[in-house]
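# Notes for the structure review
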Amino acid sequence: MSYTITCIGSGNMGSALMKAAARVVGGAAIGVTDADRTKAEAFAAELGGGALASNTVAAAEGRFVLLAVKPQVARTVLAEIAPVLAQRLKEGRPAVLVSIVAGLSIGTMMKHLADAGCPGQQPIIRLMPNTPALVAKGLIALAPSPEVSSDAVQELKQLLGQAGIIDQIDEHLMDAVTALSGSGPAFVYLFIEALADAGVRSGLSRDRALRYAARTVLGAAAMVEETGQHPGVLKDAVTSPGGTTIAGIAALEQGAFRGTVMSAVDAAFCRSKELG
């Protein structure tokens, strides 16, 4: 049997992308595998897709083969599927290998495949999605290798478009994307939690404080996107002379808020490069 896309690994991110793909091509066009066979079967049943017997079956039967595993096991999986990918190349029906493994460059993947018997022209697309893809609000950076046709890139964009915005970039920017939009949601969750805690301290109930904090961040992000104005301009529009907002901004600046956020992204960027 053949599938439009197969997914090796059914964790949160791989599952989110497969759910998005299912809304485009239907669950029957999707195959999944996982080290935990029961988990793969449950997810396949949810999608209406196929629970595949092994990673090699996934590599053999997918038009696109999504590598959605942890960085520490990626090399092992690439070695496992390399002979299958090599055979498909030889037969003139190559799979497009799609990776969401953080920090793992196309060049490194090519080397791992070559070491395991798949030298040459394997098409690879590297993706960096973020967790808002779980609610169709993701940002997905996409970088193809030269072996990938423009038609295949467009097909994958259409296949995963229900997960959020897809932006094609040069691969050398992928570590920066990983640090900013890949890790960034966790930084925002900390900020939302801190806003909610402050609301509770000021007398709001926990559920109301959390709802207000989340909606405040959501609304502010929408203002940046939809007005096209610089965040500094939007900040100034809320900041009255001698008012509450400027008092709060002064407290943030005393705590080196902007510098701390920049340092967090820098740390994530350096770690992403180390993983590669």
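Residues numbered from 1 in each chain as written. Predicted model: local features only at pLDDT ≥ 70, side-chain atom pairs only at ≥ 80, totals over all residues. Heavy atoms only, no water.

What follows is about the packing of helix α8 (residues 184–201) against helix α9 (residues 206–227). Following both chains from N to C, one finds α8 and α9 inclined at 135°, their axes separated by 8 Å at the closest point. When the axes of α8 and α9 are compared, the pair comes out oblique. Considering the relative orientation of α8 and α9, their crossing is right-handed. On α9, the residues touching Val-188, Phe-191, Ile-192, Leu-195, Ala-196, Asp-197, Gly-199 and Val-200 of α8 are Arg-206, Ala-209, Leu-210, Ala-213, Ala-214 and Val-217. Per-class residue counts for the contact of α8 with α9 are 11 nonpolar, one polar and two charged. (Axes fitted to C-alpha atoms, helices over the stretch in contact; angles between N-to-C directions. Helix = DSSP H or I, 4+ residues; strand = E, 2+ residues; numbered from the N terminus. Parallel < 35°, antiparallel > 145°, perpendicular 65-115°, else oblique. Left-handed = near helix turned anticlockwise from the far one by under 90°. Contact = heavy atoms within 4.5 Å. Nonpolar A, V, L, I, M, F, W, Y, C, P; charged D, E, K, R; others polar.)

This brings us to the packing of aromatic side chains. Overall, the coordinates contain one aromatic pair when judged by the stated rule. Aromatic side chains Phe-191 and Phe-257 sit 5.9 Å apart centroid to centroid with 45° between the ring planes, which places their arrangement in the tilted category. With a gap of 66 residues between them, Phe-191 in helix α8 and Phe-257 in helix α12 (residues 257–275) connect regions that are remote in the sequence. On the accessibility criterion, Phe-191 (34% relative accessible area) is partly exposed. Of the residues examined, Phe-257 reaches a relative accessible area of 31% and is grouped as partly exposed. (Phe/Tyr/Trp six-rings, centres within 6.5 Å; stacked < 30°, edge-to-face > 60°. Buried < 20%, exposed > 50% of the residue type's maximum accessible area, 1.4 Å probe, protein only.)

Attention now moves to the side chain of Ser-99. Mapped onto the secondary structure, Ser-99 falls in strand β5 (residues 96–99). Exposure remark for Ser-99: the relative accessible area of 0% places this residue in the buried category. Discounting chain neighbours no more than four positions away, the residues touching Ser-99 are Leu-67, Met-109, Ile-125, Arg-126 and Leu-127.

What follows is about the pattern of salt bridges. With the rule as written, the count across this model stands at 11 salt bridges. A salt bridge links Lys-19 to Glu-46, with the shortest nitrogen-to-oxygen separation between them at 3.4 Å. Note that Lys-19 is positioned in helix α1 (residues 12–25) and Glu-46 in helix α2 (residues 37–47), a separation of 27 residues in sequence. On the basis of relative accessible area, Lys-19 is assigned to the partly exposed category, the value being 34%. Residue Glu-46 is classed as exposed on the basis of its relative accessible area of 55%. When the shortest N-O distance is used, the salt bridge between Arg-63 and Glu-155 registers 3.2 Å. Note that Arg-63 is positioned in strand β4 (residues 62–67) and Glu-155 in helix α6 (residues 150–160), a separation of 92 residues in sequence. (Salt bridge = Lys/Arg side-chain N within 4 Å of Asp/Glu carboxyl O.)

Attention shifts here to a nonpolar patch on the surface. A surface patch of nonpolar side chains, amounting to about 360 Å² of accessible area, comprises Phe-191, Leu-195, Leu-252, Phe-257 and Val-261. Counting residues per element, the ones that place at least two in the nonpolar patch are α8 and α12. Looking at the element boundaries, Leu-252 is found in helix α11 (residues 244–254). For Leu-252, a relative accessible area of 37% translates into the label partly exposed. (Patch = residues over 30% accessible without salt bridge, like charges linked within 9 Å, V, L, I, M, F, W, Y side chains within 5 Å. Areas by Shrake-Rupley, 256 points an atom, 1.4 Å probe, with all protein chains shown as cover.)

This paragraph deals with helix α5 (residues 106–115). Of all the residues in α5, the buried ones are Ile-106, Thr-108, Met-109, Met-110, His-112 and Leu-113. The elements touched by buried residues of α5 are α4 (71–90), β5, β6 (124–128) and β7 (138–144). Looking one or two residues past α5, Gly-117 carries a phi angle of roughly 105°, positive in sign.

Pairing is mixed in the open sheet, where eight strands are placed in the order β3-β2-β1-β4-β5-β6-β7-β8. Looking at the sheet topology across the chains shown, the edges are occupied by β3 (50–51) and β8 (164–168). Pairing analysis gives four bridges linking β6 to β7, with the strands arranged antiparallel. Following the sheet pairing, Arg-126 is matched in β7 by Ala-143. Strands in contact with α2 are β2 (30–33) and β3; relative to β2, the strand with the most contacts, it is inclined by about 160°. (Pairing = 2+ DSSP bridges.)

Of the residues in the protein, 99% have a pLDDT of 70 or more, and the chain-wide mean is 95. Looking over the protein, one finds the lowest element-wise mean pLDDT in α2, namely 92, and the highest in β5, namely 98. (pLDDT = per-residue confidence, 0-100.)

With that settled, consider the pairing of β4. Each regular strand shows side chains that alternate between the opposite faces of the sheet. Taking burial as the measure, the six residues of β4 include five buried ones, the bulk of the element. The pairing of strand β1 (residues 3–8) with β4 spans five bridges and is classified as parallel. Bridge pairing in β4 places Ile-5 opposite Phe-64. Note that β4 and β5 share four bridges and pair parallel. Paired with Leu-67 across the strands is Ser-99, a residue of β5. Following the backbone out of β4, through α4 and into the adjacent parallel β5, one traces a crossover that is right-handed. (Right-handed = clockwise from strand over helix to strand, strands pointing away.)

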